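# Inside the fold
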Amino acid sequence: MVAILYLISALLFIFALRGLSHPESSRMGNIFGITGMIIAVFTTLMFKSVLSYYEIGAAILIGGAIGSFIALRIEMTALPQLVAAFHSLVGLAAVFVAAAAFYDPVAFSIGKVGSIKTASLVEMSIGTFIGAITFSGSVLAFGKLQGTISGKPIVFKFQHFINALIFLLIIFLIVLFVINQSPTIFWTIVIISILLGFLVVIPIGGADMPVVVSMLNSYSGWAACGIGFTLSNNLLIITGALVGASGAILSYIMSKGMNRSIINVVLGGFGGEQDTSASKDNSDKIVKQGNAEDAAYIMKNADSVIIVPGYGMAVAQAQHALREMGDILKKEGIEVRYAIHPVAGRMPGHMNVLLAEANVPYEEVLELDEINHDFPMTEVSFVIGANDVTNPAAKTDESSPIFGMPILDVEKSQSVLFVKRSMATGYSGVDNELFYRDNTTMLFGDAKKMCEDIVKSLSA
Amino acid sequence: MEAHSSEVFVIGLTVFFLACIIGYYVVWSVTPALHSPLMGVTNAISSVIIVGAILAAGPQGFDTSKIFGLIGVVLASVNIFGGFLVTYRMLSMFKKKTKKTKEKE
């Protein structure tokens with residue numbers, strides 16, 4: 001009976017992910033997910049060994065209240081941090097469950113204290129290891145995304161060598177732990193894994209965070225898997241594998257969006273102090289600067305506008321003002337669409353959520369492959385808070401660090417408007433030659449303020 | 001006994017690989033626009049680890065294992081409620097808007 005109920009719950013989780021193939025079916029998917037979770041929890045509560053309903057109920061209420069409070073209050077622009085924070089909790093929970101299984105193996109029927117089955121010990125320590133890495137890695141990712149810690153990659157000598165040594169040390173400790181089952185070694189594994197989690201995320205820069213967040217998502221799944229093997233629980237194994245696969249695929253999509261291998265991102269150090277060669281003397285080149293009225297004039301006289309949002313839009317919270325601008329243009333009979341680069345923002349799908357929050361219909365929001373061939377037929381590209389994802393150097397300059405990265409071909413549209421705070425380079429540190437083209441107009445200022453000013457000029 | 005436990009492990013491994021394959025295909029079918037909600041949902045369901053925490057917190061009385069279990073239940077509950085709610089919030093923003101805006105005009 002228990003196995004059947006767990007199976008139903010696992011199937012519901014699969015349907016929950018399946019629902020996300022389309023916005024219309026996605027809400028039903030979420031309900032499947034919730035139902036699956038309720039079934040899983042109640043099935044477990046029906047176990048004969050589970051007697052302390054009050055304590056468990058209280059724990060669920062406390063956790064649920066905290067989770068609900070945070071989820072309802074959070075700003076959509078802060079989503080990446082929130083997701084990172086949540087991942088850290090999954091990792092920590094995995095560590096605690098593993099510890100509980102270690103201290104009371106009878107409750108999980110994996111042996112007795114001091115004589116736990118070897119297989120269970122191995123699985124338990126792997127679960128602990130991945131859980132602890134997920135925990136500390138996510139905490140650090142959270143700090144970088146929140147801005148409490150500098151987003152700059154921190155690189156030092158022999159970094160990867162040290163990480164490799166620590167990894168070997170952990171394997172050695174796991175072997176030792178399996179042999180003598182000592183609590184001291186268990187906690188040493190936990191602490192060293194936490195340290196390794198920090199060290200792994202430290203060299204990775206702010207804009208590579210989409211990959212890191214996806215990777216940690218994946219780890220949290222594998223941690224659940226590890227615990228699932230320990231408890232011989234298929235539900236945990238299935239769910240963990242689903243989550244693990246999901247995070248791995250997202251990491252793959254994200255690093256492909258930057259034309260870099262996952263390994264390259266993980267090794268980190270990108271966007272740091274290097275690439276000084278790229279900022280070669282552009283000082284004498286002329287930049288055409290414009291203001292909100294110029295932008296309003298240019299767009300009003302166009303037939304089609306493609307808006308390219310980037311992380312800068314999220315930082316300035318410009319999505320609502322931007323949508324307002326789009327609405328006015330649409331009323332004028334101008335075709336307005338949005339082009340989303342896979343790595344725009346700080347987490348997969350970040351821009352889509354922000355635009356959806358601002359009530360932009362999702363039909364107008366298109367992915368790179370869907371819209372890229374339309375740029376030559378487009379009159380105005382309105383780039384707001386994005387830079388590297390439009391840089392033609394990715395196609396032409398083999399020496400550029402971003403060479404080979406798929407970009408949005410804004411340069412093919414008749415004119416380009418760039419909303420930017422300054423001439424500063426993007427995350428990659430590479431100068432964008434587009435800024436100096438004749439058909440480019442730079443609009444310097446805060447993204448939100450600029451959109452509001454354009455709205456004023458348009459309605460005037 | 002040994003043969004039995006290795007059998008259990010192989011069954012687990014079978015389930016694991018099949019689930020990975022299902023996960024692979026299901027996740028590729030997710031539309032890129034919904035990748036953020038996908039992270040929200042996966043985050044919520046990975047907290048199914050609460051099952052293990054409840055088992056640990058189950059027995060009466062108080063010992064180390066039970067305390068760890070209860071902490072696990074709290075942590076996982078934060079994620080379950082938080083994850084599903086934040087996903088719900090994201091997804092409700094992806095409702096069809098064309099009709100609504102027309103009504104307003």
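Structure: see above.
Predicted, not measured: the structure shown is a model, and the values here were computed from it. (Residues numbered from 1 in each chain as written. Chains lettered and ligands numbered in written order. Predicted model: local features only at pLDDT ≥ 70, side-chain atom pairs only at ≥ 80, totals over all residues. Heavy atoms only, no water.)

### Considering the overall build of chain B
Summing up its helical and strand segments, chain B has five helices and zero strands in all. Counting from the amino terminus, chain B carries its helices and strands in the arrangement α-α-α-α-α. Buried residues in chain B amount to 56% of all 105 residues. Sequence separation of 24 or more characterises 61% of the internal contacts of chain B that already satisfy a separation of 6 or more. Carbon and sulfur atoms form 69% of the exposed surface of chain B, whose accessible area is close to 4,600 Å². (Helix = DSSP H or I, 4+ residues; strand = E, 2+ residues; numbered from the N terminus. Buried < 20%, exposed > 50% of the residue type's maximum accessible area, 1.4 Å probe, protein only. Contact = heavy atoms within 4.5 Å. Areas by Shrake-Rupley, 256 points an atom, 1.4 Å probe, with all protein chains shown as cover.)

### Overview of the pattern of salt bridges
All names here are of chain A. With the rule as written, the count across this model stands at 13 salt bridges over all chains. Between R27 and E24 there is a salt bridge, and its shortest N-O distance comes to 4.0 Å. With R27 and E24 both in helix 2 (residues 23-45), this residue pair falls three residues apart, about one helical turn. Judged by relative accessible area, which is 17%, R27 ranks as buried. Through salt bridges that share partners, R323, D327, K330 and E364 make up one connected network. (Salt bridge = Lys/Arg side-chain N within 4 Å of Asp/Glu carboxyl O.)

### Remarks on the sheet that holds strand 4 (residues 304-309) of chain A
All names here are of chain A. Strand order in the open sheet formed by seven strands is 3-9-8-7-4-5-6, and the pairing between neighbours is parallel. The outermost strands of the open sheet, each flanked by one partner alone, are strand 3 (289-290) and strand 6 (365-367). The strands touched by helix 13 (residues 319-331) are strand 4, strand 5 (335-340) and strand 7 (380-384); relative to strand 5, the strand with the most contacts, the crossing angle is about 145°. The strands touched by helix 14 (residues 350-357) are strand 4, strand 5 and strand 6; relative to strand 5, the strand with the most contacts, the crossing angle is about 145°. (Pairing = 2+ DSSP bridges. Axes fitted to C-alpha atoms, helices over the stretch in contact; angles between N-to-C directions.)

### As for the side chain of T239(A)
Within the fold, T239(A) resides in helix 9 (residues 234-257). With sequence-adjacent residues up to four places away left out, T239(A) is seen in contact with F13(A), I45(B), S46(B) and V48(B).

### A word on the pairing of strand 9 (residues 440-444) of chain A
Residues and elements named next belong to chain A. Extensive coverage of strand 9 is indicated by the burial of four of its five residues. Bridge count between strand 3 and strand 9: two bridges; the pairing is parallel. Pairing of G290 across the sheet is with L443, part of strand 9. Two strands pair when backbone bridges link them, and strand 8 (residues 415-420) and strand 9 are joined in this way by five bridges, in the parallel orientation.

### Some words on unusual backbone geometry
Residue and element names in this part refer to chain A. Backbone geometry places S109, a non-glycine residue, at a positive phi of 45°. Within the fold, S109 resides in the loop between helix 4 (79-103) and strand 1 (111-112). When its relative accessible area of 57% is taken as the criterion, S109 is described as exposed. Positioned with a positive phi, Q317 is a non-glycine residue whose angle comes to about 55°. You can see Q317 is positioned in the loop between helix 12 (311-316) and helix 13. Overall, Q317 belongs to the partly exposed group, its relative accessible area being 29%.

### Section: the environment of A16(A)
Assignment of secondary structure puts A16(A) in helix 1 (residues 2-18). Given the relative accessible area of 1%, A16(A) is considered buried. C-alpha of A16(A) to C-alpha of G36(A): the two residues are 20 residues apart in sequence and 8.8 Å apart in space. With near-sequence residues (within four places) excluded, A16(A) lies in contact with G29(A), F32(A), G33(A) and V41(B).

### Concerning the nonpolar core
Residues and elements named next belong to chain A. Counting 187 residues, the largest nonpolar core has M299, L322, M325, F382, I384 and I454 as its most contacted members. The biggest single contributor to this core is helix 4, with 16 residues. The residues contacting M325, other than those within four sequence positions of it, are M299, I307, F382, I454, V455 and L458. (Core = buried A, V, L, I, M, F, W, Y, C linked by side-chain atoms within 4.5 Å.)

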